[in-house]
Amino acid sequence: MASNTIANLDVKRVRRGFEPEQKNWNDDLLETPWEDVAPPLSKHTVFAMKNIFFFSHATSVQASAIPKLSSPGTSCVVEAPTGCGKTLAFLVPILERIVHHCDAHVAAHGRPLLTRNIVSLVLSPSRVLAEQTFVVARGLAARFPHDIRVALCDGVAETPASVVEHLSKGSRGGGIVLISTPTDVLDFLAAFDAHREKRAANGLSSTTLTTEKRSGGIEVTDELLEEQDEETKRRYLAKKARKEAEQAALEQKVANTTTKTTTTTTVSSSSLSSSSSSANGEELILRAHAGTPFLMVVDEADVVLKATSMRDAVVQVVLHRLVPDHREAAAPSSVVSTEDAVDASAKKKGSRNQKRDREEGNNAVAASQPALVKAMLDVGLFGATAGYSKKVQQFSAAVEGLCHTTFANVFLRRETTDMFVSQLSNKYCLCESHHVLHTLIHFLNLHPCKKHFIFFNSSAVLMFVKTLLSTLSEGTRPTLYVKHIYAMYEEMKESTKFAEYNSFLQHTPVALASVQKAALAKKQMKEEKNPHFSSGWKRDSHLPPGTGAILLCTDVAAFGLDVRDVDYVYHFEPPVSLRSYVHRIGRVGRMGMRGTSVLLLPVPAKDQHNEEQQKLRERERKSTSARYHTIANTKSSTSALQGSTVDESDLEEEKAKYLEQLQQSHKLERQGLPPVAPITSIIRAVIADHSGLQRLGRSAAINLCKPRVVEEPADAADADDEEQDNVKQQKDTPATEASWYDATLAVQTLLLD
Ligand SMILES: Nc1ncnc2c1ncn2[C@@H]1O[C@H](COP(=O)(O)OP(=O)(O)OP(=O)(O)O)[C@@H](O)[C@H]1O
């Protein structure tokens with residue numbers, strides 16, 4: 001049959017033998033093989049995707065965004081759900097452009113392109129994300145035979161000055177892709193300028209040195225020469241003539257080079273950057289090649305352009321570096337040279353053709369008016385909510401006005417990518433304030449061999465919970481079964497932040513086989529133990545403790561971080577905005593994997609003024625502090641606290657609105673609590689016995705109640721659709737978001753009452 005012939009076999013789609021058998025993602029639902037992306041990608045890209053990354057197909061966002069962004073003159077706003085491959089959707093076009101440019105250069109000049117120009121800039125909102133992007137970009141670029149350099153400037157591993165130094169000394173090739181954060185890139189540019197000045201100064205001093213050397217020898221005067229014999233005179237004069245000829249040739253060469261550099265700048269004067277620096281013939285390293293527009297990518301653009309400080313930095317980079325301002329644009333060397341040429345020609349020819357000279361002069365003056373010369377700059381704005389963000393729209397409109405580029409929109413909303421991406425279940429758990437800590441620990445203990453993210457709004461609360469969890473996971477019979485606890489927050493030292501994140505990223509929960517083996521060994525030991533002591537990890541006897549890990553973090557870890565084996569996200573404090581929620585839950589359920597997000601929503605304890613309950617709590621505290629491990633103790637003192645008795649009707653109006661708003665944008669399910677032996681009393685006792693914890697707890701409680709300061713005044717124009725109504729009402733109020741907590745709720749939640 002015809003269909004069985006070799007010619008009819010879809011060879012491209014046959015999986016390679018060495019592809020890993022156990023992939024933890026499902027690419028069956030992806031439809032576009034890399035070879036079918038139109039217009040076709042370079043063979044190096046396809047090879048790298050299939051054989052290095054083992055990605056047989058492009059995701060929808062990649063299939064739509066890559067062709068658009070690969071063609072010069074097109075910019076893109078790309079909105080797609082978290083974890084669907086946006087990073088490659090902008091890295092591939094960057095490399096594709098470089099490959100095309102290199103190929104064109106070979107075709108035109110018959111030799112490979114050897115440059116040190118920075119041809120692309122990627123800006124990420126955080127250093128950790130910048131490093132993550134750098135690792136992917138470096139891995140990808142290494143597969144291209146064009147010697148493309150990828151540089152990271154995050155001020156952690158290397159100072160900006162040393163990055164500049166390395167780049168300027170490094171090998172030449174297809175170009176440099178710089179990855180940084182908006183604030184670090186400003187430092188980089190300052191270092192870049194300093195480096196240029198230093199080079200210029202060095203150039204000057206070396207010239208001086210040469211001059212000194214030339215005049216420093218013994219001067220051969222005419223008298224001295226007259227005293228010499230004929231042969232010596234002849235030899236001396238021949239040598240002098242040769243030297244003069246050499247010097248003249250050298251000067252001619254230098255003059256040619258200078259003219260050439262000026263011409264190059266003229267050609268690319270519509271291009272980028274510090275073109276004024278070309279005046280001294282110095283090499284430009286931050287500019288586009290003629291014909292290859294610079295591609296700047298802002299990853300998580302919705303977040304970057306929303307935050308005032310980062311937005312200012314991006315605008316500064318674009319306006320002062322990538323887009324020449326009116327003056328610079330209007331007075332590139334082309335204009336100046338036209339004027340000069342007119343003057344020169346007028347002088348030369350006298351006033352023979354005065355009319356024509358005047359016309360030429362007028363043209364030159366007209367050209368010197370501050371006319372807008374558009375830059376060759378393309379921009380990619382990527383983000384999970386970029387399409388909704390007004391700031392992104394404003395920014396793209398401004399770039400379009402300044403540059404030779406047209407913006408295309410690639411919006412892949414969750415509805416269209418549901419099949420592939422949405423294996424994420426969104427849950428919320430309403431619980432009485434006293435039960436929040438116990439509920440969190442209970443959830444963590446249900447999956448002690450998994451990796452978990454716990455999100456906080458402030459580092460003070462994070463520190464309290466971290467210390468508490470660490471204390472609870474200590475000892476031979478811990479209350480919390482997960483032993484590996486990491487933290488990441490803004491105020492942390494950069495190197496520690498990186499170390500913590502990398503430890504969490506590289507943490508591998510123990511493989512199933514060894515878990516089973518350990519469980520078996522434990523089961524055999526079980527008979528010999530005292531049956532009355534059944535608290536602690538022994539309750540969950542199937543799994544040994546300590547194989548999973550927890551990362552406690554603020555929103556610094558919410559954007560873009562890609563930790564593939566995380567299954568659970570908990571929100572200890574409700575996120576302040578929908579944007580923050582979207583990015584937080586985006587850490588799980590990535591690329592077709594399963595994941596669960598649990599939002600903990602405390603409500604005031606119903607019985608908070610009940611005297612009897614107060615007494616019970618007092619008794620509980622006293623009786624449990626010393627010997628809280630006995631089952632009898634736990635059961636008798638806490639049976640009244642079992643289960644969750646609250647529902648939505650217990651929410652205040654504001655809080656009900658918040659929940660409703662989240663439910664409108666995400667399918668939120670209620671998470672019920674199975675009846676478990678509560679450990680509230682244990683936690684309470686631990687806090688009461690630990691003075692450090694109490695101190696941290698007090699500062700955490702204050703922070704819980706603080707209104708969240710947003711970066712800029714609430715602006716209805718900048719709000720997402722869902723936020724619009726809310727924001728309109730708050731427009732005149734200070735730029736803060738009310739906290740979920742009041743003082744009582746905070747104190748109860750942290751068990752400090
Ligand atoms: N074509 C593909 N096939 C399979 N997996 C892919 C493909 N492209 C990317 N991935 C993987 O998907 C994961 C998520 O990708 P990436 O980090 O780029 O997502 P993202 O959309 O940028 O997410 P976020 O919005 O959180 O930044 C990564 O682990 C990446 O290796």
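The model shown is predicted, which means the values in this text are computed figures rather than measured ones. (Residues numbered from 1 in each chain as written. Predicted model: local features only at pLDDT ≥ 70, side-chain atom pairs only at ≥ 80, totals over all residues. Heavy atoms only, no water.)

### Describing the overall build of the chain
Quick note on the threshold: Strands are runs of DSSP state E lasting at least two residues, helices are runs of H or I lasting at least four, and both sets are numbered from the N terminus onward. Using a 1.4 Å probe on the protein chains alone, a residue whose accessible area is under 20% of its type maximum counts as buried, one over 50% counts as exposed, and one in between counts as partly exposed. Every residue pair with non-hydrogen atoms within 4.5 Å of one another is taken to be in contact. The accessible surface values rely on the Shrake-Rupley method and a 1.4 Å probe; as for residues, cover is taken only from the protein chains in view.
What the chain contains, in helices and strands, is 27 helices and 18 strands. A buried classification covers 49% of the 753 residues belonging to the chain. Considering only intrachain contacts with a sequence separation of at least 6, the fraction spanning at least 24 residues in the chain is 81%. Total accessible area computed for the chain in this model is approximately 36200 Å², and 54% of it derives from carbon and sulfur atoms.

### Quick notes on the site of the ligand
For clarity, the threshold we go by: Any residue with at least one heavy atom within 4 Å of a molecule or strand is counted as near it. Pairing of N or O atoms within 3.5 Å defines a polar contact, subject to two protein rules: one partner must be a possible hydrogen donor and the other a possible acceptor, and residues neighboring in sequence count only if both atoms are side-chain atoms.
Taken together, 22 residues are adjacent to the ligand, and His57, Gly83, Lys86, Thr87 and Asp562 come closest. One nitrogen or oxygen atom from the main chain of Gly83 is found 2.8 Å from an oxygen atom belonging to the ligand. When the ligand is considered free in solution it has 640 Å² of accessible area, and contact with the protein chains removes 94% of it. Ranked by the residues each element gives to the shell around the ligand, the list is headed by helix α3 (residues 86-109), at three residues.

### Some words on the pairing of strand β3 (residues 74-79)
Note on strand geometry: in a regular strand, side chains alternate between the two faces of the sheet. To keep it simple, the criterion reads: Only when DSSP finds a minimum of two bridges between them are two strands counted as paired.
Along β3, six of the six residues are buried, which leaves the element largely enclosed by surrounding structure. A two-sided burial pattern is seen for β3, the buried positions comprising Thr74, Cys76 and Val78 on one face and Ser75, Val77 and Glu79 on the other. Summarising the sheet, β3 and strand β9 (residues 406-411) pair through six bridges and their orientation is parallel. When the bridges of β9 are listed, Ser75 appears paired with Phe407. Bridging between β3 and strand β8 (residues 377-383) involves four bridges; their strand directions are parallel. Bridge pairing in β8 places Cys76 opposite Gly380.

### Looking at the domain arrangement of the chain
Where we set the bar: Note that the domain bounds reflect an automated or database-derived domain assignment. Accessible-area loss on putting two parts together, using a 1.4 Å probe and summing over both, is the definition of buried area adopted here. Just to be clear on terms, a salt bridge is a Lys or Arg side-chain nitrogen sitting within 4 Å of an Asp or Glu carboxyl oxygen.
Each assigned domain of the chain is listed with its residue range as follows: domain 1 (6-13 + 54-206 + 283-326 + 372-415), domain 2 (224-273) and domain 3 (423-528 + 541-750). The partner domain 3 presents 26 residues to the 28 residues of domain 1 that form the contact. Carbon and sulfur atoms supply 56% of the area that domain 1 and domain 3 bury against each other, a total of about 2400 Å² over both sides. For the pair domain 1 and domain 3, the number of links is one salt bridge.

### Describing the pattern of salt bridges
What the rule picks out here adds up to eleven salt bridges. For the salt bridge of Lys50 with Glu35, the shortest nitrogen-to-oxygen distance reads 2.6 Å. With Lys50 in helix α1 (residues 43-52) and Glu35 in the loop between β1 (32-33) and α1, this residue pair connects regions lying 15 residues apart in the sequence. Classification of Glu35 as partly exposed rests on a relative accessible area of 24%. Put simply, Asp555 and Arg584 hold a salt bridge, and the shortest N to O gap is 2.8 Å. Here Arg584 lies in helix α20 (residues 578-585) and Asp555 lies in the loop between β13 (549-553) and β14 (566-571), a separation of 29 residues in the sequence. Judged by relative accessible area, Arg584 falls into the buried class, the value being 0%. In the salt-bridge network here, residues are joined through shared partners; they are Arg127, Asp184, Glu494 and Lys497.

### Some remarks on the packing of aromatic side chains
Quick reminder of the rule: For Phe, Tyr and Trp, where Trp contributes only its six-membered ring, two rings pair if their centres lie within 6.5 Å, and the inter-plane angle classes them as stacked under 30 degrees, edge-to-face over 60, or tilted in between. In this analysis the charged atom, NZ for Lys or CZ for Arg, is taken to sit over a ring once it is within 6 Å of the ring centre and within 35 degrees of the ring normal.
Taken as a whole and assessed by the stated rule, the structure comprises ten aromatic pairs. Ring plane angle 5° and centroid distance 5.6 Å describe the contact between Phe453 and Phe455, whose orientation is recorded as stacked. The same class applies to Phe453 as to Phe455, namely buried. Its end group placed over the ring of Phe504, Lys451 keeps NZ or CZ at 5.1 Å from the ring centre.

### Points about the sheet that holds strand β7 (residues 294-298)
Filter applied, for reference: A fitted line through C-alpha atoms serves as each axis, taken over the contacting stretch for helices, and the angle formed by two N-to-C directions is quoted from 0 to 180°.
Reading across the sheet, the seven strands line up as β5-β6-β4-β7-β8-β3-β9 and stay open at both edges, with parallel pairing between neighbours. The sheet terminates laterally at β5 (148-153) and β9, the two strands that pair on one side only. In this sheet, neighbouring strand axes are inclined to one another by 15° on average, regardless of whether the strands run parallel or antiparallel. Together, β3, β7, β8 and β9 form the strand contacts of helix α2 (residues 60-70), whose direction differs from that of β3 by roughly 160°. Here helix α5 (residues 160-169) sits on the sheet and contacts β4 (118-123), β5 and β6 (175-180); the angle it forms with β5, its principal contact strand, is near 170°.

### A look at the environment of Thr547
Checked against the element boundaries, Thr547 lands in the loop between α19 (512-526) and β13. Sequence spacing of Thr547 and Met376 is 171 residues, and the spatial spacing of their C-alpha atoms is 52 Å.

### Points about unusual backbone geometry
In the segment running from Ala38 into Pro39, the intervening peptide bond is cis, with an omega of -10°. Considering the arrangement of structural elements, one finds Pro39 in the loop between β1 and α1. Within the chain, Asp147 stands out as a residue other than glycine whose phi angle is a positive 55°. Mapped onto the fold, Asp147 is located in the loop between α4 (127-141) and β5. Its relative accessible area of 38% is what places Asp147 among the partly exposed residues.

### Let's talk about the confidence of the model for the chain
When pLDDT drops low, the exact placement of atoms in the prediction is not to be read closely. Selection rule: Within a predicted model, pLDDT stands for the predictor's per-residue confidence, ranging from 0 to 100.
Considering every residue of the chain, the mean pLDDT works out to 73; 64% of them sit at 70 or more. Counting interchain partners and residues more than four positions distant, the pLDDT-below-50 stretch residues 204-220 has four contacts. The model gives residues 712-722 a pLDDT under 50, and that stretch makes 34 contacts with residues more than four places away or in other chains.

### Details of the packing of helix α24 (residues 680-689) against helix α25 (residues 691-705)
Here is the rule we go by: Orientation labels follow simple angle bins: below 35 degrees gives roughly parallel, above 145 gives roughly antiparallel, 65 to 115 gives roughly perpendicular, and whatever is left gives oblique. Under the scheme applied, nonpolar residues are Ala, Val, Leu, Ile, Met, Phe, Trp, Tyr, Cys and Pro; charged residues are Asp, Glu, Lys and Arg; polar residues are all the others, including Gly.
Look at α24 against α25: their axes get within 5 Å of each other, and the N-to-C directions meet at 100°. Here α24 is positioned roughly perpendicular relative to α25, judged by the angle of their axes. Note on element contacts: α25 touches α24 through Ser691, Leu693 and Gln694, opposite Val686, Ile687, Ala688 and Asp689. Residues of the contact of α24 with α25, tallied by class, amount to four nonpolar, two polar and one charged.

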